[in-house]
Every structure is written in structure tokens, then in C-alpha cells.
Amino acid sequence: MAKVTIYSTDGCPFCAKAKSFLAEKGISYDGIEVQSGSSAWEEMKKKTGSGSLPQIMIGDEPVGGYSDLVHLEASGELSRKLGLAGKEEVTPLYDVIIIGGGPAGLSAALYAARKVLKTLVVSKDIGGQVAWTYDVDNYLGFSQVETADLIAKFEDHVDKYGVEKLLGVEVKALELTGKIKKVTTVDGKSYLSKTLIIATGKRPRPINVPGEKELTGMGVTYCSTCDAPLFADLDVAVIGGGNSALEAVIDLMKVARKVYMVCSTFPKGDAILRDKVLSSPKVEVFTRSKILEITGKSAVEGIEIKSLETGKKKRLDVQGVIVEIGLLPNSELVMDTVETNRLGEVMVDSKCHTGVSGIFACGDVTNVPYKQIIVAAGEGAKAALSAYDYIIKQR
Amino acid sequence: MSEKVKIYSTPGCPYCKMAKEFLLKKGVEFIDYDVKKDKEALKEMKKISGGALSVPVISVCNEVMVGFDRGRLEQALSCLKQSSKIE
């Protein structure tokens, strides 16, 4: 690696920044203390052609001050000048890496970018759980908006600030405890950051019965608003007893031939939905029942259910199974390190701290009540501001 | 060229819309079939996907995907670049 020299002086903020920039990247340097008019200053002027501080040299080449250094890094030139190119790229150090691209994660990204933090969003997708409904009518400023349009607006807003995004990529592992946090993705790449914001949201809870995984997409679905029309003139079963399950039954009543509802207790949602379902001649409800298995070779052919009262088993011939039994927080990656509640949600305080220094969390993955878009967005903003406070205090 | 990407969707499906916007942003031409209305297209969708009952179903070149998976779709789209190079 080429030798790096910094001419600097005490009380010069950009000198300190340049030094910590190099230190964080593990680049060693010689620091030369310079007073105006001193012999070191004369030497610096002769070598670099400049009298302002700091001045940085890589080998015999003057590269300028702190902003030039950052620019070199951003363009990938720094590692080439250091003679590291082709061997190992110098990994950039982010101020904040946000995991998750729903309303919480994107709002955090916006606030982080506005604080001029070097920000990266890593997410399998954009939108999060919002994408499971077709339209939204309770987000302030939008009396009715299609979900996909709202998500596109969120993304455009974040893009205006040039936030780096790594999409379509799943995170495999996180290192949360050191001063520098590490994010490793399934493709084996690693990303370093001073702080992490966990905004990973929730996912549909699977039933965990044989046949479920194998037949997902082949009759088993978790998005009734998407797939209900495909079950026209077929027999289907809805698993679950809450509002989402009732809504799925109502969607299906319009198109399917027969709709079975299988719930472990009895339908529990709003009376208005329940009445609609219970009065339909197309619907048959199995209360106090449990699904044991989904059968079918390449597509769903039936399910087996069991009464929790009598223990009697029954087979239903259906071509579709719609699963609506609630949600699971995506907290597996952090569960060993941060505190979670009995639902698996990450515990945070009122400033989105997790209890592990430099790790923040926001949105539906946390214990914050009321899983709403506007709540998630607000929590995302708080998490970013807390991360900013943390970084400032570390300096 | 435009026949290489087909998407089978329903009007109430946010993932379908997101997939279409993703393709638009990438400048990829595609044909969109509304399988809620178009029963022939629904038949075709089931046929090419081995009986899928979930949207979106997206076919790119010779690959058929059930669901919108950004990473996988992006990878599948690389076949378009290759074939246009040959042309």
C-alpha cells in the first residue's frame, strides 16, 4: 500500500475528519503537524502547491484536502491510488445501513439523507406490508391512494436525496455488537456501518403443516386481494378467524363456488363482516377446528381438518387455501442480540433504541403498538434522528 | 422483442402493479394480461406455470416466475440483453 501523509494542525475540523476517515478504513498514515510559516508548512507548500490545511499526499502525489479524499473514495480512485485495486476493495463505511424498505425504512432513509449521513438501504423489496392491501385511505394527505402509487412516491422521495439502495437482496447475517456493524447478504458480500436501523417488518404467519410450502403459489396463497379472482368457480378454504380472514371470505364469496372457513376458535372480527360471512349460503364455517395437512401433487387438491372438540377428522376437497392467521415479525437476524417480546417483536424505547449501542429499530418489527403506515413512517424518522445523535456523540 | 416478457395479473394485486412499474422503470416492454377478465389468459398462465393460482406470473424468455421477486426478475431479464447483442 502506498504511504499516506497528512499535513494538519490542531483545532482544524477537516484535518480531524480526514484522519478519522482514514482510521475508519484501516488506512495508516503519517501525520505532520504544521504551523503557518513553519518549515513543515514550507515543505507542504512546495510538495502540494497549497497552503491550506489539511493536505494529503498518497506516495509523492498530492491529492488535496478532506473533500478530495471523500471524492476519491466515492469514485473508487482511492483504492487504485493506494495500490489496493484488484486486490481488495476498500469497503466504504456507511453512517447508517437501514434494513428494510417499507414505510419505516424509507422514512428513516429520508431523514438520514437529510442529515447528510452516508446511507444505504438493503431490502428484498420496496413497500413492506403496505403492499398487501390494494389501496390506502388513512395516510394523511391521501384520502384514497393505490398502494403501489404510494410506495412509488415514497421511493421517489428517497431517490431525490440520492440514497444508495441495494434491492432484491436478502440479508444473511448481522454483526451488531462491535463499534463497526457488519451486514452480510446472501450473495456473500459485506457492508460496514457505524449504525444499523432494523426496519424489517412482518411477514404472513405460515400454518406450518405438510404441503403448505410445496403448494404455495399452486393454490396456497397469503394475498387474497391478489389471488381471489383466480378461484372463480372453484372450492376454497380460508384459514383464520380475524378481520383479514373474514375479508378474504367476502372476496371469495363473489367468485368461488364454495368457501370453507376454518378457525381455531370462532370468527372474531368486526360484526359487520361476520354477519356478511355467516349469512352467505356459499360459506361453511368450521369453528374450533385445526388444519392438519394440505394435499395435492402439483396443485392443491384438498385439506384435512380436525375438530378440537370431538377430535374427528374431515377431508375437504378444495383447490385453494388462503392463509390469514396473522403476522410474524422478521426479527430472526437480531433475536440473539437485542431484546424481543413474547411475540418476537424487537423492544425499543421512545427513541427507537434497542439497548445495543448503535442499533435502532422501527416500524412493524418493533413492539410499538398500532401497525399503521403513518406510525411506521414516524418511527422511521425517529430512528434516523436517534442514529444521527449517536454518531454525533461518537465524534 | 416485446413478446419476450409477459405478465399475468389481477387489478387488485399490488405486487403485480409493482412488478409492472419495475419493468417500466427498466425500460422493458411487456404484455400485461388481466386474468380476472381474460379467461383464455388465465388458462395460458396455468399452463405455462404448471398450474399456478397466484399472481403475478411473469414469463421472461423461457423462464416462468410465480410472484414478484426483484432479484430473480432482474436476473431473468439479463437474457434480453444477451439476445439483443446477437441481433
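Everything that follows concerns the structure shown earlier in this document.
Residues numbered from 1 in each chain as written. Chains lettered and ligands numbered in written order. Predicted model: local features only at pLDDT ≥ 70, side-chain atom pairs only at ≥ 80, totals over all residues. Heavy atoms only, no water.

A. Representation of the overall build of chain B in the model. Summing up its helical and strand segments, chain B has 3 helices and 4 strands in all. When the elements of chain B are put in sequence order from the N terminus, they spell out β-α-β-α-β-β-α. Across the 87 residues that make up chain B, the buried fraction comes to 46%. A separation threshold of at least 6 residues defines the contact pool for chain B, and within that pool the share at least 24 residues apart is 55%. (Helix = DSSP H or I, 4+ residues; strand = E, 2+ residues; numbered from the N terminus. Buried < 20%, exposed > 50% of the residue type's maximum accessible area, 1.4 Å probe, protein only. Contact = heavy atoms within 4.5 Å.)

B. The arrangement of helix H2 (residues 39-48) of chain A in detail. Residue and element names in this part refer to chain A. Of all the positions in H2, only Ala 40, Trp 41, Met 44 and Thr 48 are classed as buried. One face of H2 carries all of its buried residues, which in axial projection span an arc of 100°. Exposed side chains of H2 directed beyond 90 degrees from the buried face belong to Ser 39 and Lys 46. Buried residues along H2 sit against strand S1 (4-8), strand S2 (30-33), strand S3 (55-58) and strand S4 (61-64). (Arc of directions from axis to C-beta.)

C. Geometry of the nonpolar core. Ranked by internal contacts, the top residues of the largest apolar core, which has 53 residues, are Leu 252, Ile 294, Ile 303 and Val 321 of chain A. Sort the elements by how many residues they give to this core and helix H8 (residues 243-253) of chain A lands first, with 7 residues. Setting aside its immediate chain neighbours within four residues, Val 321 of chain A contacts Gly 219, Val 220, Thr 221, Ala 237, Ile 239, Ile 294, Val 300 and Ile 303 of chain A. Counting residues in hydrophobic clusters, the runner-up holds 52 residues, among them Ile 151, Val 163 and Ile 391 of chain A together with Met 18 of chain B. (Core = buried A, V, L, I, M, F, W, Y, C linked by side-chain atoms within 4.5 Å.)

D. Layout of the interface of chain A and chain B. Across the contact, 32 residues belong to chain A and 27 residues belong to chain B. For the pairing of chain A and chain B, the buried interface totals around 2200 Å² over both sides, and the portion due to carbon and sulfur atoms is 56%. Here chain A and chain B share 5 salt bridges between them. Arg 70 of chain B is paired through a salt bridge with Asp 125 of chain A; the nearest N and O atoms lie 3.0 Å apart. There are 11 residue pairs in polar contact (both at pLDDT 80 or more) connecting chain A and chain B. Every element with two or more residues in the side of chain A that touches chain B is listed here: helix H6 (147-159) and helix H7 (224-227) of chain A. In terms of residues, the side of chain A that touches chain B owes the most to one element, H6 of chain A, which gives 8 residues. Looking at the side of chain A that touches chain B residue by residue, the class counts come to 15 nonpolar, 9 polar and 8 charged. (Buried area = accessible area lost by both parts, 1.4 Å probe. Salt bridge = Lys/Arg side-chain N within 4 Å of Asp/Glu carboxyl O. Polar contact = N/O pair within 3.5 Å; in protein donor to acceptor, adjacent residues only side chain to side chain. Nonpolar A, V, L, I, M, F, W, Y, C, P; charged D, E, K, R; others polar.)

E. Structural context of the state of the cysteines. Under the defined criterion, the tally for this structure stands at 4 disulfides over all chains. Between the sulfur atoms of Cys 61 of chain B and its disulfide mate Cys 79 of chain B the distance is 1.9 Å. Every disulfide takes its handedness from the sign of the S-S torsion; for Cys 61 of chain B and Cys 79 of chain B that torsion is 80°, giving right-handed. Of the two residues, Cys 61 of chain B sits in the loop between strand S3 (57-60) and strand S4 (63-66) while Cys 79 of chain B sits in helix H3 (residues 70-86), which places them 18 residues apart along the sequence. By relative accessible area, Cys 61 of chain B is classed as partly exposed at 31%. What connects to what in chain B, once the bonded cysteines are numbered by sequence position, is 1-2, 3-4. Free of any disulfide, Cys 362 of chain A has its nearest cysteine sulfur in Cys 352 of chain A, 5.9 Å distant. (Disulfide = S-S within 2.5 Å.)

F. Highlighting the environment of Met 218 of chain A. Summarising the element assignment, Met 218 of chain A is placed in the loop between strand S13 (202-204) and strand S14 (220-221). In sequence terms Met 218 of chain A and Gly 296 of chain A are 78 residues apart; their C-alpha atoms lie 9.4 Å from each other.

G. Just the pattern of salt bridges, in detail. Counted under the stated rule, the structure contains 29 salt bridges over all chains. A salt bridge links Lys 124 of chain A to Asp 69 of chain B, with the shortest nitrogen-to-oxygen separation between them at 3.4 Å. Taken together, the positions of Lys 124 of chain A in the loop between strand S6 (119-123) and strand S7 (135-136) and Asp 69 of chain B in the loop between S4 and H3 put the pair across two chains. Of the residues examined, Lys 124 of chain A reaches a relative accessible area of 36% and is grouped as partly exposed. With a relative accessible area of 28%, Asp 69 of chain B lands in the partly exposed category. The partner of Asp 32 of chain B in a salt bridge is Lys 20 of chain B, and the shortest N-O contact between them spans 2.8 Å. Taken as a pair, Asp 32 of chain B in strand S2 (residues 31-34) and Lys 20 of chain B in helix H1 (residues 14-25) lie far apart in primary sequence, 12 residues in all.

H. Seen up close, the pairing of strand S1 (residues 5-9) of chain B. All names here are of chain B. The buried fraction of S1 amounts to 4 of the 5 residues, a majority that puts the element mostly inside the structure. Of the strand pairs in this sheet, S1 and S3 are connected by 4 bridges, and their pairing is antiparallel. Looking at S3, one finds that Lys 6 is bridged to Ser 59. Of the strand pairs in this sheet, S1 and S2 are connected by 4 bridges, and their pairing is parallel. Considered in S2, the bridge of Ile 7 is made with Asp 32. Read from S1 through H1 to S2, the crossover connection turns out right-handed. (Pairing = 2+ DSSP bridges. Right-handed = clockwise from strand over helix to strand, strands pointing away.)

I. A look at the side chain of Thr 10 of chain B. With respect to the secondary-structure elements, Thr 10 of chain B resides in the loop between S1 and H1. Taking the relative accessible area as the measure of exposure, Thr 10 of chain B reaches 3% and is therefore buried. Not counting the four nearest positions on each side in its chain, Thr 10 of chain B is found in contact with Thr 225, Cys 226, Pro 229 and Leu 230 of chain A together with Cys 16, Asp 34, Val 35 and Val 55 of chain B.

J. Expanded view of the sheet that holds strand S20 (residues 313-316) of chain A. All names here are of chain A. Across the sheet, 3 strands lie side by side as S18-S19-S20; this open sheet has antiparallel pairing. Where the open sheet ends on each side, the last strands, each with one partner, are strand S18 (289-295) and S20. Taken over all neighbouring pairs, the strand axes of this sheet differ in orientation by 25° on average, direction set aside. One ladder, built from 4 bridges, connects strand S19 (residues 302-307) with S20; its direction is antiparallel. Note that in S20 the partner of Glu 304 across the bridge is Arg 315. (Axes fitted to C-alpha atoms, helices over the stretch in contact; angles between N-to-C directions.)

K. Here's a closer look at the packing of aromatic side chains. Residue and element names in this part refer to chain A. Tallying each qualifying case throughout the model produces 8 aromatic pairs over all chains. Aromatic pair Tyr 139 and Phe 142: ring centres 6.1 Å apart, planes at 40°, arrangement tilted. Three or more aromatic residues link up through ring pairs in this structure, and these residues are Phe 14, Phe 21 and Tyr 66. The cationic tip of Lys 115 hangs over the ring face of Tyr 388; the distance from NZ or CZ to the ring centre is 4.7 Å. (Phe/Tyr/Trp six-rings, centres within 6.5 Å; stacked < 30°, edge-to-face > 60°. Lys NZ or Arg CZ within 6 Å of the ring centre and 35° of its normal.)

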